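Descriptive structure summary
One letter stands for each residue in the lines below.
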Amino acid sequence: MLLTRLYKIRSSGRVPALPFSRVRRNSLTHAAGVLLAAAIFTLDLAQPLGLAVGMLYVLVIVLGLWTTWLPYPIVASVVATVLVVIDLVIGWPPATPGFTFSNRTLMVLVFACTGLLVLRFKRLERRSAADLQQLADLKHAIDEAAIVATTDVTGRILSVNDKFCDISGYTREELIGQDHRLINSGLHSKAFIRDLWRTIADGRVWRGEIRNRAKDGHYYWVDTTIVPLLNDRGKPYQYIAIRAEVTRRKLAEERLMQQASLARVGQLAAVVAHEVKNPLAGIKGALQILMSRRPTGDAEVPVMRDVISRVDALNELIGDLLLYARPRAPRLAAVDLRPLLAEAAEMLLRDPLAREVDIAIADGSVTVDADAELLRATILNLLINAAQAMNGRGRLALAVRLRGEEAEVCIRDSGPGIPEAMREQVFEPFVTTKARGGGLGLSIARRTAELHGGRLDASFPLEGGTVMTLTLPLHPISGAD
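An account of the accompanying structure is given in this report. (Residues numbered from 1 in each chain as written. Predicted model: local features only at pLDDT ≥ 70, side-chain atom pairs only at ≥ 80, totals over all residues. Heavy atoms only, no water.)

Re the environment of Leu287
Relative to the assigned elements, Leu287 resides in helix 9 (residues 247–293). When the C-alpha positions of Leu287 and Val307 are compared, they lie 8.2 Å apart, and in sequence the two are 20 residues distant. Excluding residues that lie within four positions of it along the chain, Leu287 makes contacts with Met304, Val307 and Ile308. (Helix = DSSP H or I, 4+ residues; strand = E, 2+ residues; numbered from the N terminus. Contact = heavy atoms within 4.5 Å.)

Considerations on the sheet that holds strand 11 (residues 455–459)
Pairing is mixed across the open sheet formed by 5 strands, whose spatial order is 7-9-10-12-11. Among the strands making up the open sheet, the edge pair consists of strand 7 (356–361) and strand 11. Pairwise comparison of adjacent strand axes, ignoring direction, gives a mean angle of 15° for this sheet. Examined bridge by bridge, strand 10 (residues 406–413) and strand 12 (residues 467–473) share 7 bridges and lie antiparallel to one another. Bridged to Cys410 within strand 12 is Thr469. Contacts from helix 11 (residues 337–349) reach strand 7, strand 9 (393–403), strand 10 and strand 12 within the one sheet, and its direction differs from that of strand 7 by about 175°. (Pairing = 2+ DSSP bridges. Axes fitted to C-alpha atoms, helices over the stretch in contact; angles between N-to-C directions.)

Some details on the packing of aromatic side chains
On inspection of all chains with the given rule, the structure shows 3 aromatic pairs. Look at Tyr57 and Phe111: their rings are 5.8 Å apart centre to centre, the planes differ by 85°, and that puts the pair in the edge-to-face class. One end of the pair, Tyr57, is in helix 3 (residues 57–62); the other, Phe111, is in helix 5 (residues 97–145), with 54 residues separating them in the sequence. Owing to a relative accessible area of 1%, Tyr57 belongs among the buried residues under this scheme. When the ring of Trp197 is compared with that of Tyr239, the centres are 6.0 Å apart and the planes differ by 75°; the resulting orientation is edge-to-face. Of this pair, Trp197 sits in helix 8 (residues 190–201) while Tyr239 sits in strand 5 (residues 236–245); the two residues are 42 residues apart in sequence, bridging distant segments of the chain. With a relative accessible area of 33%, Trp197 lands in the partly exposed category. You can call Tyr239 buried: its relative accessible area is 4%. Over the face of the ring belonging to Trp221 we find Lys250, whose NZ or CZ atom lies 4.3 Å from the ring centre. (Phe/Tyr/Trp six-rings, centres within 6.5 Å; stacked < 30°, edge-to-face > 60°. Buried < 20%, exposed > 50% of the residue type's maximum accessible area, 1.4 Å probe, protein only. Lys NZ or Arg CZ within 6 Å of the ring centre and 35° of its normal.)

Quick look at helix 13 (residues 441–451)
Counting buried residues along helix 13, 10 of its 11 residues qualify, which places the element largely inside the surrounding structure. Turning to helix 13, its buried residues number three or more, namely Leu442, Ser443, Ile444, Ala445, Arg446, Arg447, Thr448, Ala449, Glu450 and Leu451.

Quick word on the side chain of Glu408
Note that Glu408 resides in strand 10. By relative accessible area, Glu408 is classed as buried at 4%. If sequence neighbours within four positions are ignored, Glu408 has contacts with Asp216, Ala399, Val400, Arg401, Arg403, Thr469, Leu470 and Thr471.

Section: the packing of helix 12 (residues 372–389) against helix 13
For the pair helix 12 and helix 13, the least separation of the axes is 10 Å and the interaxial angle reads 145°. For the pair helix 12 and helix 13, the sense of crossing is left-handed. Residues Leu374, Thr378, Asn381, Leu382 and Asn385 of helix 12 form the contact with helix 13, whose participating residues are Gly441, Leu442, Ala445 and Thr448. Residues of the contact of helix 12 with helix 13, tallied by class, amount to 4 nonpolar, 5 polar and no charged. (Left-handed = near helix turned anticlockwise from the far one by under 90°. Nonpolar A, V, L, I, M, F, W, Y, C, P; charged D, E, K, R; others polar.)

Here we look at the nonpolar core
Residues Leu337, Leu383 and Leu396 are the most contacted members of the largest nonpolar core, which totals 43 residues. It is helix 12 that contributes the most residues to this core, 7 residues altogether. If sequence neighbours within four positions are ignored, Leu396 has contacts with Leu348, Val357, Asp358, Ile359, Ala360, Leu383, Ala386, Met390, Ile411, Arg412 and Asp413. Grouped together as the second largest cluster of nonpolar side chains are 20 residues, Ile147, Val160, Tyr170 and Trp206 included. (Core = buried A, V, L, I, M, F, W, Y, C linked by side-chain atoms within 4.5 Å.)

A short note on the sheet that holds strand 1 (residues 147–151)
Strands sit in the order 2-1-5-4-3 across an open sheet of 5 strands; the sheet is antiparallel. Both outer strands of the open sheet, strand 2 (157–160) and strand 3 (206–213), are each paired with one neighbouring strand and no more. The mean angle between the axes of side-by-side strands here comes to 30°, regardless of whether they run parallel or antiparallel. Examined bridge by bridge, strand 1 and strand 2 share 3 bridges and lie antiparallel to one another. Along strand 2, the bridge assignment pairs Thr151 with Ile157. Here helix 8 sits on the sheet and contacts strand 3, strand 4 (219–230) and strand 5; the angle it forms with strand 3, its principal contact strand, is near 135°.

Set out below in structure tokens:
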């Protein structure tokens, strides 16, 4: 028990490590063992304290816990045995020689057992140290290559590594005790999140790709593996999430999809422009002539006006197709974004649909090199979409802010938000939630952002509404797309 307790105290770190090198520590330990053995031998030879003095050699053997020389416990046991034998031979004769011999024999057995136990502990210690070093090396390798976090069964974050802090922008203190809703981008549906939790709660590993939102507002994608740690009843008591950032790959995949869509839209636009646009102009002109010949109050005039309205809507769709498939290159000049926002907001308020929309523009502005005409049309497009989402009644919060070498234009509405099933396809062409329209507005807006070397992202706060974030470099490279 004493030996076990001494080893635990030493291993626990409660006894501070000597501030010496390994060689010097070994030398001091061996010297202490020699001096202690000599002192015990002298006392045992004189026998002022009786036969029990020889048991103190156990302390010499136990010193092996503080040396890295593995044979020390066996050598110390042999030396203690030799010293006991010498003392038995040359010491003054006791009253009961048989009893003395029996006690000396028991001492030798104790020395041997102690030496073997210390040797066993040393070997276990060396093996444990090797295993701990291997685990430390493995942890270091994982920390260098992956984003790692552990949570309890409720999702509360227990620990994170440095890469998690670096990519999220939060400090370790800001993350510990929170859950992953802190970095939720709002892109993924509730069904997606429920499936994730159902999987890991059942003790199964979940794998998938998640888009998160960093502290500064930018989005990043991570390829995620969540491993449940199970107790003896097979129930999770902790989760380890190992992630690898795949933002560039996701952007590349998205760009490839957009290029494929552009190719299809370009072919369609060429056919439509040639086969439909010119006949539509002729149909509209003929209807206008016929309307001019009808008497006032003729019942056919409203029908003709409706047809012309439909022709105009079709012309607008064809124009969007051509703009999306064959956009012009931006003509860059210094543009102050806040006045541009104010102009687009004023244009929106002229539309009868948006007369009950309250628009608030935050203070602050940023100047970027951009095409003012293209940006104005893009921002107006986003504002119209937001007003339509709110059915012409609600609040729009607009803001411009500087983030490093980029400017952000944020447009937040108080509408119901985009349905979860459509969030991942919101920027794809021909995808729309409106009864009318071709579903190209957001696609054109993102296309314009990319022509400037920027991007357009959507997020969906838990409290409702939609946030469109237009990110633009302060000084884009010409022909960024």
